[in-house]
Structure formats: structure tokens, C-alpha cells
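Topology and contacts: notes
These are the residues of each chain, in order.
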Amino acid sequence: MSNTHNGGCLCGEVRYVVNGPLRDVVNCHCGQCRRTHGHFAAYSAASLGDFKLTNSGSLKWYQSSAQARRGFCSVCGASLFWASQGDDYIAIAAGTLDQPTGLRTVAHIYVADAGDYYTIADGVETYPGTMRESGSGDR
Ligand SMILES: [Zn+2]
Ligand SMILES: [Zn+2]
């Protein structure tokens, strides 16, 4: 399978390409992700060196915490990216990737902050907060 992955927002004004491996998907249930995505967030991730914006005229960044910001399309409102200062990777909303992604969901994080209107029952590993073992959790 090719190691090139394309993706973009609903309207197409934001498009990106990843020339390298994508991390498997981690679902983040924190309150910030829920408010940004309207539900929990499913994030893949890529090394910054492998990631390139190919169309970004409508991309805006919202500083969502002291160290993190979230990229969204100012035309269609899609939430696409999460990036933390000093990290060498960018988290990419998995639903914005063109299919097939070849990915699978490997963890739920921040389940202590999960919404009270759904149940996490897919058998995938859960963490109350970040994934400390790998140090790659989102916030
Ligand atoms: Zn858009
Ligand atoms: Zn989150």
C-alpha cells in the first residue's frame, strides 16, 4: 500500500498530503475535543516532516489552550488538525482523510471526561487521561 495519504475538509478549501506513515486512530473524549468536533474526536497523526498543506487559503487556527491549537476551515467549519507547541507531529482528524485510510482505532483517551450520553463499548483500550505509556496522547 502506498504511503501517501491525502485529505481535506468538507468544502475542499483545505487539502493536505502526508508522505509517510499515519498513526492509528486514537479517540479523544476530552471536553475540548467534544466541543470542537461536536462529539469525541478521532485523530490520526503524522510527523510534521511528512505533512504538507496543498490548499490552505481558508485554514484558521484557534489557540485552544496554552500549548495547543486547532486548525479548522473558515468556510465549511470542519475541524481538521490539533497541534501542540514543541511536538514533532500533527494530529489529523481521521474523518478528513480520503479513503481507504488503512487505519484502525487503537485507543480511547480522556474517557474520564467523556460525554454522559454514550457508552464506550467497542473493546478498544481505554485511558482515563492521556496515553502515558507512549507519550503521544492528545490534549
Ligand atoms: Zn472547508
Ligand atoms: Zn481531546
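The structure under discussion appears in the preceding block.
Residues numbered from 1 in each chain as written. Chains lettered and ligands numbered in written order. Predicted model: local features only at pLDDT ≥ 70, side-chain atom pairs only at ≥ 80, totals over all residues. Heavy atoms only, no water.

**Quick notes on the overall build of the protein chain**
For clarity, the threshold we go by: Counting from the N terminus, the helices are DSSP H or I runs at least four residues long and the strands are E runs at least two residues long. Our radius of gyration is a C-alpha quantity, and the globule rule it is checked against amounts to 2.2 Å times the number of residues to the power 0.38. Exposure categories follow from relative accessible area, calculated using a 1.4 Å probe and restricted to protein chains: below 20% of the type maximum is buried, above 50% is exposed, and the middle band is partly exposed. Residues count as neighbours in contact if any of their non-hydrogen atoms are within 4.5 Å of one another. Throughout, the Shrake-Rupley method with a 1.4 Å probe supplies accessible areas, and for residues the shown protein chains are the sole cover considered. Asp and Glu count as negative and Lys and Arg as positive, but His and the ends of the chain are not part of the count. One atom stands in for each charge, and that atom is NZ of Lys, CZ of Arg, CG of Asp or CD of Glu.
Summing up its helical and strand segments, the protein chain has one helix and eleven strands in all. Moving toward the C terminus, one meets the helices and strands of the protein chain in the order β-β-β-α-β-β-β-β-β-β-β-β. Taking 2.2 N^0.38 as the reference for a compact globule, 139 residues should give roughly 14 Å; the C-alpha atoms of the protein chain span a radius of gyration of 14 Å, in line with that estimate. Taking the principal axes of the C-alpha coordinates as reference, the protein chain spans close to 35 × 35 × 30 Å. For the protein chain, the proportion of its 139 residues judged to be buried stands at 42%. Residue pairs in contact within the protein chain that sit at least 24 positions apart in sequence constitute 57% of those at least 6 positions apart. About 7,300 Å² of surface is accessible on the protein chain, with carbon and sulfur atoms providing 47% of the total. Taking the 11 positively charged and 12 negatively charged side chains of the protein chain as two groups, their mean positions are separated by 7 Å.

**Thoughts on the coordination of the zinc ion (ligand 2)**
As a reminder of what qualifies: The rule for donors is simple: N, O or S, within 2.8 Å of the metal, or within 3.2 Å if the metal is Na, K or Ca. Water isn't counted, so a site may look like it is missing partners.
The zinc ion (ligand 2) binds to the protein through C28 (SG), C30 (SG) and C33 (SG); the donor distances cover 2.1 to 2.3 Å. Along the chain, the residues that donate to the zinc ion (ligand 2) are spaced as C-x1-C-x2-C.

**What to know about the sheet that holds strand β11 (residues 125–126)**
Our working rule: Pairing between two strands requires that DSSP report at least two bridges joining them.
Spatially, eight strands are ordered β6-β7-β8-β9-β4-β3-β10-β11 in an open sheet, and the strand pairing comes out mixed. Unpaired on one side and paired on the other, β6 (59–63) and β11 mark the two borders of the sheet. For strand β10 (residues 105–109) and β11, the ladder comprises two bridges, and the chain directions are parallel. Along β11, the bridge assignment pairs H108 with T126.

**Things to note about the layout of surface pockets**
Applicable threshold: With a 1 Å grid laid over protein atoms only, a set of points is called a cavity when a 1.4 Å probe fits there but cannot get out and a pocket when it is open yet has protein on both sides within 12 Å along at least five of seven lines; lining residues have an atom within 4 Å of a point. Grid points are joined across faces, edges and corners, and a volume is the space filled by probe spheres set on the points. Amino acids outside the nonpolar list (Ala, Val, Leu, Ile, Met, Phe, Trp, Tyr, Cys, Pro) and the charged list (Asp, Glu, Lys, Arg) are all regarded as polar, and Gly is one of them.
When its volume is computed, the largest pocket comes out at roughly 200 Å³. Lining the largest pocket we find 16 residues, and of these W61, R69, A83, S84 and Q85 sit closest to its centre. The set of elements that each furnish at least two residues to the lining of the largest pocket consists of β5 (51–56), β6, β7 (68–73), β8 (79–84) and β9 (89–93). Top contributing element to the lining of the largest pocket by residue count: β6, with three residues. Classifying every residue of the lining of the largest pocket by side-chain character gives ten nonpolar, four polar and two charged.

Geometric values such as these leave the question of function open.
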